[in-house]
Amino acid sequence: MKRWLSFLVPVYVLVCLFYCCVTVDVDKSLQYRRFIPASIAFILPFVYTTSISSLYISHLVVGLSYVITAPLFNFLTFGATAVDLSLPYDVAFGLYIFPALVFVHFVLSKLVNLKVSAVIVTVLDLILFLPNVFQFAYYLKFKHTLTSNGTMVIYQTNFSEALEYLSSLGAFEIVCAGVLPLILMASFYKVNVDLSKQLKAFSITSSKYKYYALAVVLVAVSCYSMTDLYRRIYFNDLCVDTYNYFKSIEKYENGREDILKKLVVKPNTKQSAETIVLVIGESATRNYMSAFTPMEDDTTPWLNEQKNTKNFFLINNSYACASYTVAALERALTNSNYYNDTTFNQSVSIIDIAKKAGYKTYWFSNQGTIGASDTPITLVAETSDVKKWLCNETEVDKVLFDEELLRYFDLVDPNENNFIIFHLMGSHIDYQNRYPKHFRKWTNDDTDKVAAYQNSLLYTDYVLEQIYNVAKDKLDLSAMVYFSDHGSDPNRRRSPDESGFIWFRIPMFIYVSDKYKETHSHIYDVINTRKDAYFSNDLTYDTVCGLFDITSNYYDERNSLTSDKYGYNKNNVKAGFGNKFVKDDSNRTN
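This structure is a prediction, so every number in the text was calculated from the model and none was measured. (Residues numbered from 1 in each chain as written. Predicted model: local features only at pLDDT ≥ 70, side-chain atom pairs only at ≥ 80, totals over all residues. Heavy atoms only, no water.)

A. Local environment of the overall build of the chain. Counting its regular elements, the chain contains 20 helices and 13 strands. Expressed as a percentage of the 590 residues in the chain, the buried residues total 53%. Restricting to contacts in the chain with at least 6 residues of sequence separation, those with at least 24 account for 76%. When the accessible area of the chain is evaluated, it comes to approximately 26200 Å², of which 57% is carbon and sulfur surface. (Helix = DSSP H or I, 4+ residues; strand = E, 2+ residues; numbered from the N terminus. Buried < 20%, exposed > 50% of the residue type's maximum accessible area, 1.4 Å probe, protein only. Contact = heavy atoms within 4.5 Å. Areas by Shrake-Rupley, 256 points an atom, 1.4 Å probe, with all protein chains shown as cover.)

B. Spotlight on the sheet that holds strand E9 (residues 508–512). Taken together, the seven strands give an open sheet; going across it, the order is E3-E9-E8-E2-E7-E5-E6, and neighbouring strands pair in mixed fashion. Looking along the sheet, the strands with just one partner apiece sit at the ends: strand E3 (312–314) and strand E6 (386–389). Neighbouring strand axes in the sheet, compared pairwise and without regard to direction, differ in orientation by 10° on average. Across six bridges, strand E2 (residues 275–281) lies against strand E7 (residues 418–423) in parallel orientation. Residue pairing across strands places Ile 280 opposite His 423, the latter belonging to E7. Together, E2, E3, E7, strand E8 (477–484) and E9 form the strand contacts of helix H17 (residues 449–474), whose direction differs from that of E8 by roughly 160°. (Pairing = 2+ DSSP bridges. Axes fitted to C-alpha atoms, helices over the stretch in contact; angles between N-to-C directions.)

C. A look at the nonpolar core. Of all hydrophobic cores here, the largest spans 109 residues; its most connected members are Ile 350 and Phe 419. Residue contributions to this core peak at 11 residues, all from H17. Filtering out sequence-adjacent residues up to four positions away, Phe 419 remains in contact with Ile 276, Leu 278, Ile 350, Ile 351, Ala 354, Tyr 359, Lys 360, Thr 361, Tyr 362, Val 544 and Phe 548. If you look at the next biggest cluster of nonpolar residues, it comprises 41 residues, including Val 62, Val 91, Phe 103 and Phe 129. (Core = buried A, V, L, I, M, F, W, Y, C linked by side-chain atoms within 4.5 Å.)

D. Inspection of the confidence of the model for the chain at higher detail. In the predicted model, the chain carries a mean pLDDT of 87, and 88% of its residues have values of at least 70. In the predicted structure, residues 493–499 sits below a pLDDT of 50 and forms 19 contacts with residues beyond four places in sequence or in another chain. (pLDDT = per-residue confidence, 0-100.)

E. Region of the structure containing the pattern of salt bridges. Under the counting rule described, the total for this entry stands at 12 salt bridges. Across the pair Lys 355 and Asp 385 runs a salt bridge whose closest N-O atoms are separated by 3.8 Å. Here Lys 355 is found in helix H14 (residues 350–356), whereas its partner Asp 385 is found in the loop between helix H15 (375–381) and E6, with 30 residues between them in sequence. Since its relative accessible area comes to 35%, Lys 355 is described here as partly exposed. The partner of Arg 407 in a salt bridge is Glu 404, with the nearest N and O atoms 2.8 Å apart. Relative accessible area serves as the criterion here: at 31%, Arg 407 is assigned to the partly exposed category. (Salt bridge = Lys/Arg side-chain N within 4 Å of Asp/Glu carboxyl O.)

F. Quick look at the packing of aromatic side chains. Here the structure, examined in full by the defined rule, presents 40 aromatic pairs. Both rings, one in Tyr 19 and one in Tyr 32, keep their centres 6.3 Å apart while their planes meet at 80°; by these two values the pair is edge-to-face. Separated by 13 residues along the polypeptide, Tyr 19 in helix H1 (residues 2–21) and Tyr 32 in helix H2 (residues 29–48) bring together distant segments of the chain. For Tyr 19, a relative accessible area of 1% puts it in the buried group. Classification of Tyr 32 by relative accessible area gives partly exposed; the value is 25%. The rings of Trp 302, Phe 312, Tyr 468, Tyr 482, Phe 509 and Tyr 511 are connected pair by pair, giving a single aromatic cluster. When the ring centre of Tyr 524 is taken as origin, the NZ or CZ atom of Lys 517, which lies over that ring, is 4.9 Å away. A cation over a ring is seen here: Lys 580 above Phe 501, with NZ or CZ 4.8 Å from the ring centre. (Phe/Tyr/Trp six-rings, centres within 6.5 Å; stacked < 30°, edge-to-face > 60°. Lys NZ or Arg CZ within 6 Å of the ring centre and 35° of its normal.)

G. The arrangement of the environment of Ile 550 in detail. Counting through the fold element by element, Ile 550 comes out in strand E11 (residues 550–552). In contact with Ile 550, not counting residues within four places along its chain, are Val 265, Lys 266, Pro 267, Asn 268, Ile 353, Ala 357, Cys 545 and Tyr 555.

H. Inspection of unusual backbone geometry at higher detail. Its identity is not glycine, yet Ser 283 carries a phi of approximately 60°, on the positive side. Position of Ser 283 relative to the elements: it lies in the loop between E2 and helix H12 (301–306). We note that Phe 577 has phi near 65°; this positive angle belongs to a residue other than glycine. As for its placement among the helices and strands, Phe 577 is situated in the loop between strand E12 (574–575) and strand E13 (580–581).

I. Focus on a nonpolar patch on the surface. Together, Leu 5, Val 9, Val 13, Leu 14 and Leu 17 give the surface a local cluster of nonpolar side chains, amounting to about 440 Å² of exposed area. One can find Val 13 in helix H1. (Patch = residues over 30% accessible without salt bridge, like charges linked within 9 Å, V, L, I, M, F, W, Y side chains within 5 Å.)

J. Quick peek at the packing of helix H3 (residues 57–78) against helix H5 (residues 114–142). For the pair H3 and H5, the least separation of the axes is 9 Å and the interaxial angle reads 20°. Regarding the angle of H3 to H5, the classification is roughly parallel. Seen along the crossing, H3 lies across H5 with a hand that is left-handed. Side by side, H3 and H5 meet where Ser 58, His 59, Val 61, Val 62, Ser 65, Tyr 66, Thr 69, Ala 70, Phe 73, Leu 76 and Thr 77 of the first sit next to Val 121, Asp 125, Leu 128, Phe 129, Pro 131, Asn 132, Gln 135, Phe 136 and Tyr 139 of the second. (Parallel < 35°, antiparallel > 145°, perpendicular 65-115°, else oblique. Left-handed = near helix turned anticlockwise from the far one by under 90°.)

K. Geometry of the side chain of Glu 330. Among the structural elements, Glu 330 can be located in helix H13 (residues 325–332). Of the polar contacts made by the side chain of Glu 330, one reaches the side chain of Arg 331; its length is 3.0 Å. Once you skip the residues sitting within four places of it in the chain, Glu 330 turns out to touch Phe 344 and Pro 376. (Polar contact = N/O pair within 3.5 Å; in protein donor to acceptor, adjacent residues only side chain to side chain.)

Here you go:
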């Protein structure tokens, strides 16, 4: 036991210390538990074959490269500004892949001749090692970790462009790119030949059952590391997300030309230069917003001032159609909803409608661009005439608060008809990173999730006020709509399958100007009756279509709060991926 502990304790402590140093604002306790079996697996070759462990160098280098590379370079790049930063799967994979490689090497050394076994494991080492070498070289070159922006450029680069880029490199860089892989291959091969000899000569003279049990464990470790963990590591995640992104574009665009040819949009009133703004919030719930829910803390002072005016209409019974962003927004922004059978890839977006109606379209976002939580939204955003993402245009070391989006108003021509979408970071977890320090009204303790959540809502209220004021002063703001993609519960960690209605009770308001009231009086009169209407945000598309005051073969007036044909009430409005009815919400206001 002492021998085991002499290996295990330092390995486990060093791994946990390293992980702690390169991780930001996440609960680390789960990963500390995850690293216990991984550390045990890591030390097995040293415990059972101590005499030849010095020859494990190539396999050890490969394993440690996963433990270190992605977590370290991500921390060096984003550590100062990251909301949360944790790459436990890379660390765990690195710990598991080392004994797995040793085991594969041991089996091969018994089955084939020495040189063949050395060649095979050298190829395995290189295949596994090169992604980390590439990330290392990328960081040295750009002083920035590899991100989706980098993988997107690489994915779209053809052979001639690659040659052109290589020709732009200096002689030293070209030599390194050509010679170092050869040196690496030769070094790995030499070590692996020596190790093959030792493993072939290694014989089990006693306690055979102990080694049989070890073999079973290592088989399990090998299968687990290559089938489950490998697909979750940072580099693979980037590659898969990038591949899926471009495949999604291809799928989204296939047949899209035919759909748009069928799209007919006819304005019902004569247009002058006007601007309509749609603001998409993040993780805001009515339960903690004083404009919607009576509470001691005033988390929405600006909205409280506006809600009793003749121009603002708070929709007090609005609900999210889903509890995570993609499922909600791919329907809120298109004519696909949980009440029809239209799929996202066959849908028409609100951007398409706006363009056909004669508006210049803008998308300004403080969220991401690709990945499981962004791609479908980005597909819609990319069809805008002008699209900007703060994460692509702001210095790495700058915190991205939502008010930074206001700079993009300078890109909008006030003499045109404009449709602008702002996608806020809002109250995205972790809440304490969503607002400047001077908005810490209720706490200075970042562990107080409720107070931090309320601070984030207070800041969102301020951002909405600024968007409204700038659009009103600089542009002819005719209408403004705000809704959140889904809610959140600061007393509970987020789950995509969350069933509590707090996740679905979202804020929504509609603002219309005095000028809009005059030119679209019939719409104003209808909206004026909608404050207590029941609504789910997958009907946002049709509601905005109604604000455009159009007739279209892709606009269903029965889904629009602006129409007297609106056909929903507490008995048929759905939430929770179309599986829940809001009539079952015990906290309904009526």
